[in-house]
Amino acid sequence: MANRLCKIPYVLQDDNFLTQKECKQIIKKYKKLCTSESLGTYLNYNHIDIKLDQHWADKLLKLLNKYAKKYNGINIIEPWAIDNVRFKHFPKKYSFDKWHCEQTKNYPYRIIGILIYLSDHEEGTEFYHENKTIKSKAGRAIVFPATWTHIHRGQKTKKDRYLLSAYAFLRNNNELQK
């Protein structure tokens with residue numbers, strides 16, 4: 001089923017956002033380009049920021065429109081755009097296991113968080129208030145509010161874990177969509 005009913009309020013789960021082949025291609029392309037500067041810090045992952053080409057911009061916009069249709073109301077606030085996409089590699093036994101939300105004093109304009117899992121795991125993203133976990137499944141995308149209502153953390157993995165993260169943010173009408 002493409003859009004399983006997620007039991008966490010205001011979370012859209014699309015289990016077929018990417019194919020297995022697309023996931024493997026992304027891992028192969030970006031794993032070798034990652035920096036390890038965050039490994040061992042509170043972030044605990046290797047990463048590289050990816051520029052959005054038209055294909056990715058269209059694909060993410062389609063996902064966000066699906067979210068806006070499901071949760072009517074978000075589409076009537078100020079215009080929003082997609083912030084950077086980050087490829088993340090969590091080596092075995094590493095995770096971003098600190099409770100956090102995506103909207104912070106450093107990122108006050110973030111309104112939506114997007115996670116796209118590229119590898120399968122028994123572990124996943126744990127949501128604090130709901131005490132529920134969405135497992136990492138290659139090709140699965142989740143979209144959720146960036147605020148304190150959706151505090152979450154990654155669980156430690158038994159094998160390397162790969163994902164993409166992106167954010168929708170409020171923008172001025174004069175600002176170009178990235």
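Residues numbered from 1 in each chain as written. Predicted model: local features only at pLDDT ≥ 70, side-chain atom pairs only at ≥ 80, totals over all residues. Heavy atoms only, no water.

Student: What is the right way to read the pattern of salt bridges from this model?
Tutor: Think of it this way: side chains of opposite charge can pair up when their charged atoms draw near. Applying the stated criterion to the full structure yields seven salt bridges. Here Asp-49 ties to Arg-86 by a salt bridge, and the two come within 2.7 Å at their closest N and O atoms. Of this pair, Asp-49 sits in strand 2 (residues 46–50) while Arg-86 sits in strand 4 (residues 85–90), and the two are 37 residues apart along the sequence. The exposure class of Asp-49 is partly exposed, given its relative accessible area of 41%. Taking the shortest distance from any N to any O, the salt bridge between Arg-110 and Glu-102 comes out at 3.7 Å. On the accessibility criterion, Arg-110 (9% relative accessible area) is buried. For Glu-102, a relative accessible area of 8% puts it in the buried group. (Salt bridge = Lys/Arg side-chain N within 4 Å of Asp/Glu carboxyl O. Helix = DSSP H or I, 4+ residues; strand = E, 2+ residues; numbered from the N terminus. Buried < 20%, exposed > 50% of the residue type's maximum accessible area, 1.4 Å probe, protein only.)

Student: Honestly, the environment of Ala-168 in this entry has me stumped. Any pointers?
Tutor: With respect to the helices and strands, the residue Ala-168 is situated in strand 10 (residues 161–170). In sequence terms Ala-168 and Trp-80 are 88 residues apart; their C-alpha atoms lie 6.2 Å from each other. The contacts of Ala-168, once residues within four sequence positions are left out, are Leu-64, Trp-80, Ala-81, Ile-82, Tyr-109, Arg-110, Ile-111 and Ile-112. (Contact = heavy atoms within 4.5 Å.)

Student: Would you explain the nonpolar core in this entry?
Tutor: Most often, soluble globular proteins have nonpolar side chains that are buried together. Ranked by size, the top nonpolar core spans 33 residues in total, and within it Leu-60, Phe-87, Ile-112, Ile-114, Ile-116, Leu-118 and Leu-164 carry the most contacts. Among the secondary structure elements, those contributing two or more residues to this core are helix 1 (20–31), helix 2 (54–70), strand 3 (80–82), strand 4, strand 5 (110–117), strand 8 (141–145) and strand 10. With six residues, helix 2 is the largest single contributor of residues to this core. Apart from the residues within four sequence positions on either side, Leu-164 is in contact with Ile-26, Ile-50, Trp-56, Val-85, Arg-86, Phe-87, Ile-114, Leu-115, Ile-116 and Leu-118. Core analysis: the next-biggest nonpolar cluster, separate from the first, contains 12 residues, Ile-8, Leu-115, Ile-134 and Phe-144 among them. (Core = buried A, V, L, I, M, F, W, Y, C linked by side-chain atoms within 4.5 Å.)

Student: Can you walk me through the environment of Ile-134 in this structure?
Tutor: Inspection of the secondary structure puts Ile-134 in strand 7 (residues 132–135). Note on Ile-134: relative accessible area 4%, which makes it buried.

Student: Explain the sheet that holds strand 7 to me, please; I cannot follow it from the model alone.
Tutor: Each strand in a sheet pairs with its neighbour through backbone hydrogen bonds, running either in the same direction (parallel) or in the opposite one (antiparallel). Reading across from one edge, 7-6-9 is the order of the three strands in this open sheet, with antiparallel pairing throughout. Taken across any chain shown, the strands that pair with only one partner, and hence form the sheet edges, are strand 7 and strand 9 (152–154). Within this sheet the neighbouring strands show an average axis-to-axis angle of 25 degrees, counted without direction. Taken together, the four bridges between strand 6 (residues 124–127) and strand 7 define a ladder with antiparallel strand orientation. (Pairing = 2+ DSSP bridges. Axes fitted to C-alpha atoms, helices over the stretch in contact; angles between N-to-C directions.)

Student: Please clarify how the confidence of the model for the protein should be interpreted in this entry.
Tutor: Should the pLDDT be low somewhere, the predicted coordinates at that spot are not to be read in detail. Residue-level pLDDT values for the protein average 83, and 85% of them are 70 or greater. When the elements of the protein are averaged for pLDDT, strand 3 gives the smallest value, 80, and strand 8 the largest, 95. Of the regions scoring below 50 in pLDDT, residues 173–178 engages in nine contacts with residues more than four places distant in sequence or in other chains. (pLDDT = per-residue confidence, 0-100.)

Student: Explanation requested: the pairing of strand 10 in the structure shown.
Tutor: Summarising burial for strand 10: nine of the 10 residues are buried, a large majority. Two strands pair when backbone bridges link them, and strand 3 and strand 10 are joined in this way by three bridges, in the antiparallel orientation. Along strand 10, the bridge assignment pairs Trp-80 with Leu-170. Bridging between strand 4 and strand 10 involves five bridges; their strand directions are antiparallel. Its bridge partner being in strand 10, Arg-86 is matched across the sheet by Ser-165. Looking at chain direction, strand 5 and strand 10 are connected through seven bridges and run antiparallel. Bridging from a neighbouring strand, Tyr-117 pairs with Leu-163 of strand 10.

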